[in-house]
Amino acid sequence: MLGRRSALSRYSDLFGRPSFGPLLTAGALQLAAPAAVLVVCLFAVTLAYPASERVSYGAYALTFLGLSSTIPTFVGAFFSGALADRHDRGRLMRVVNLVSLIGVAAAAADLTIAPGGRVSLPITPGFYLPVSVLLLYPCWATVVASATLFRPAYNSSIPRVVEARDLGRANGLIYSIAALVSAAATLGVGILLTVATAGDALALAFLLFFATQVALLSVDADLSVQGPPSSRSVSRDALEGFAYLGRRTELLEITIASLVVNFLAAVALVELGLYVGSYLGLAQGIWYGAMVASSTLGVALGFAVISRFHFEPHAGRAIILLTLAMGAGLLGLGLVHSIWFALPLIFAYGMMPGMIMTVFLSTVQATVPDAMMGRVFSADEVGSYALVPFGQTAGGVLTSAVGVQGTYLASGGTIVVFGLVMITGFGALRRLGFHPREADAGSGAAAS
């Protein structure tokens with residue numbers, strides 16, 4: 001009982017800090033909203049085709065949904081850190097959140113009007129895209145690109161309102177609440193997709209983005225960049241973030257690991273709609289929403305519990321072990337044939353990226369100087385997600401060739417093999433860790 005009161009007291013201390021509450025609210029809502037938009041987009045694209053064409057044509061249409069955001073996302077990721085290290089981060093977050101609102105409103109209009117017609121493409125014999133699906137792609141790209149611009153500014157703002165020794169709990173709390181909101185939102189839009197239209201379902205995501213803007217206006221902490229303004233171009237500032245990441249071998253190895261694992265996860269998860277609708281044989285939107293919500297609840301628990309393991313001195317080893325568990329989770333999904341086994345499995349799978357993200361965010365926030373932090377986050381994001389579009393493309397091709405089950409088995413097994421490679425080959429990552437008290441007192445570079 002004493003331990004429970006102590007834990008609650010530590011969280012109460014966080015909320016006692018000025019601006020932590022509004023910053024947490026803004027981050028949790030803005031980070032959660034794109035997942036709700038994605039559920040609607042994936043479901044709308046899947047059901048845009050008759051049942052006989054969903055595997056053959058729907059798989060490629062889902063792949064194009066991911067590819068549609070590739071260029072704007074990577075352009076945004078390349079410059080997002082430099083922008084966060086040059087401008088007031090609070091103002092930057094408010095501007096990009098408005099862009100998210102515009103993207104959701106445009107997607108809702110497209111799905112509500114539902115323009116008819118189709119566009120034939122020489123992808124496979126007879127392949128076509130419904131016009132409503134084609135118009136949905138730039139809307140989704142706008143939402144994803146704006147979220148990409150938001151993240152480095154937000155993650156770099158957290159150390160302004162909490163001390164380094166509290167970063168693990170603060171990040172875990174923020175992202176676990178974001179995951180819970182995301183789970184509720186994805187389940188909510190799944191219900192709305194069952195009883196209403198896809199355009200109506202997007203109203204929930206719009207409300208989340210709108211509430212984010214209100215919370216951001218309530219943050220009164222100084223989120224401007226410390227030190228004199230940079231006289232270099234934005235491109236040169238961005239490239240400096242990549243150079244810094246290259247000098248920090250342990251952080252570079254995390255980026256390389258993320259590059260591989262995110263590619264392999266994208267191969268399987270881009271076909272989650274087909275996993276539910278074709279492999280499990282459940283066409284109702286509620287079941288797809290339940291799968292996404294279950295995964296997100298797992299992410300939330302992962303964010304919340306990892307700080308209790310005092311991962312800081314052994315951050316790198318924790319990342320390696322959690323990567324192995326991710327692969328095992330995907331393997332399990334490929335071996336079950338019932339929604340009642342798939343739901344707990346995807347919940348367990350979701351815990352792993354949640355814990356990995358908390359470890360990574362806290363390590364960067366504790367060991368990278370403030371003036372460089374935004375660029376390091378964006379450089380890692382560019383590197384970590386560079387192959388995701390290719391993974392989504394490979395997912396469509398692989399699923400067409402070996403089916404949904406083969407895709408999940410291949411992706412999960414390869415992640416497990418890569419995790420074993422990390423154990424033997426990523427020496428700097430195995431040694432990565434930090435000590436919060438040193439980070440509080442030192443110069444911002446307390447990596448072991």
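Structure shown above.
Rules used in this analysis
Residues numbered from 1 in each chain as written. Predicted model: local features only at pLDDT ≥ 70, side-chain atom pairs only at ≥ 80, totals over all residues. Heavy atoms only, no water. Salt bridge = Lys/Arg side-chain N within 4 Å of Asp/Glu carboxyl O. Helix = DSSP H or I, 4+ residues; strand = E, 2+ residues; numbered from the N terminus. Buried < 20%, exposed > 50% of the residue type's maximum accessible area, 1.4 Å probe, protein only. Axes fitted to C-alpha atoms, helices over the stretch in contact; angles between N-to-C directions. Left-handed = near helix turned anticlockwise from the far one by under 90°. Contact = heavy atoms within 4.5 Å. Nonpolar A, V, L, I, M, F, W, Y, C, P; charged D, E, K, R; others polar. Parallel < 35°, antiparallel > 145°, perpendicular 65-115°, else oblique. Core = buried A, V, L, I, M, F, W, Y, C linked by side-chain atoms within 4.5 Å. Phe/Tyr/Trp six-rings, centres within 6.5 Å; stacked < 30°, edge-to-face > 60°.

A. Quick look at the pattern of salt bridges. Applying the stated criterion to the full structure yields 9 salt bridges. With a shortest N-O distance of 2.9 Å, Asp85 and Arg375 are connected by a salt bridge. Residue Asp85 is located in the loop between α4 (70–84) and α5 (89–113), and its partner Arg375 is located in helix α15 (residues 370–385); the two are separated by 290 residues in the primary sequence. Classification of Arg375 as buried rests on a relative accessible area of 6%. As a salt-bridge pair, Asp370 and Arg160 come within 3.2 Å of each other at their nearest N and O atoms. Separated by 210 residues along the polypeptide, Asp370 in helix α15 and Arg160 in the loop between α6 (131–157) and α7 (167–195) bring together distant segments of the chain. With relative accessibility at 17%, the residue Asp370 sits in the buried group.

B. Representation of the packing of helix α14 (residues 339–367) against α15 within the structure. Following both chains from N to C, one finds α14 and α15 inclined at 145 degrees, their axes separated by 10 Å at the closest point. Here α14 and α15 pass one another in a crossing that is right-handed. Residues Phe360, Leu361, Val364 and Gln365 of α14 form the contact with α15, whose own contacting residues are Met373, Val376, Phe377 and Asp380. Per-class residue counts for the contact of α14 with α15 are 6 nonpolar, 1 polar and 1 charged.

C. Representation of the packing of helix α2 (residues 20–46) against α6. With their axes 10 Å apart at the nearest point, α2 and α6 run at an angle of 160 degrees to one another. When the axes of α2 and α6 are compared, the pair comes out roughly antiparallel. By crossing handedness, the relation of α2 to α6 is classed as left-handed. On α6, the residues touching Leu23, Leu24, Ala26, Gly27, Gln30, Leu31, Pro34, Val37, Leu38, Cys41, Ala44 and Val45 of α2 are Val133, Leu136, Trp140, Val143, Ala147, Phe150, Arg151, Tyr154 and Ser157. Along the lines of polarity and charge, the residues of the contact of α2 with α6 split into 17 nonpolar, 3 polar and 1 charged.

D. View of the nonpolar core. The biggest cluster of nonpolar side chains holds 129 residues, and the ones touching the most others in it are Phe20, Tyr275 and Met291. Here this core gets 15 residues from one element, more than from any other, and that element is α2. With near-sequence residues (within four places) excluded, Met291 lies in contact with Leu272, Tyr275, Val276, Ile339, Ala342, Leu343 and Ile346.

E. Spotlight on the environment of Gly374. Relative to the assigned elements, Gly374 resides in helix α15. The exposure class of Gly374 is buried, given its relative accessible area of 0%.

F. Summary view of unusual backbone geometry. Positive phi, close to 50 degrees, is recorded for Ala114, a residue that is not glycine. Secondary-structure assignment places Ala114 in the loop between α5 and β1 (118–120). Positive phi, close to 50 degrees, is recorded for His310, a residue that is not glycine. As for its position among the elements, His310 is in the loop between α12 (285–305) and α13 (315–335). For His310, a relative accessible area of 58% puts it in the exposed group.

G. Spotlight on the packing of aromatic side chains. Overall, the coordinates contain 14 aromatic pairs when judged by the stated rule. Summarising the aromatic geometry, the rings of Tyr57 and Phe127 are spaced 5.7 Å apart at their centres and angled 90 degrees between planes, so their arrangement reads as edge-to-face. With Tyr57 in helix α3 (residues 54–68) and Phe127 in the loop between β1 and β2 (128–130), the pair connects residues that are 70 residues apart, well separated along the chain. Note on Tyr275 and Tyr408: the rings are 4.8 Å apart at their centroids and 45 degrees apart in plane angle, and the pair reads as tilted. With Tyr275 in helix α11 (residues 272–279) and Tyr408 in helix α16 (residues 388–425), this residue pair connects regions lying 133 residues apart in the sequence. Across the pair, exposure class does not vary: Tyr275 and Tyr408 are buried alike. Ring-pair connections join several aromatic residues into one group, and the members of that group are Tyr57, Tyr60, Phe64, Phe127 and Tyr128.

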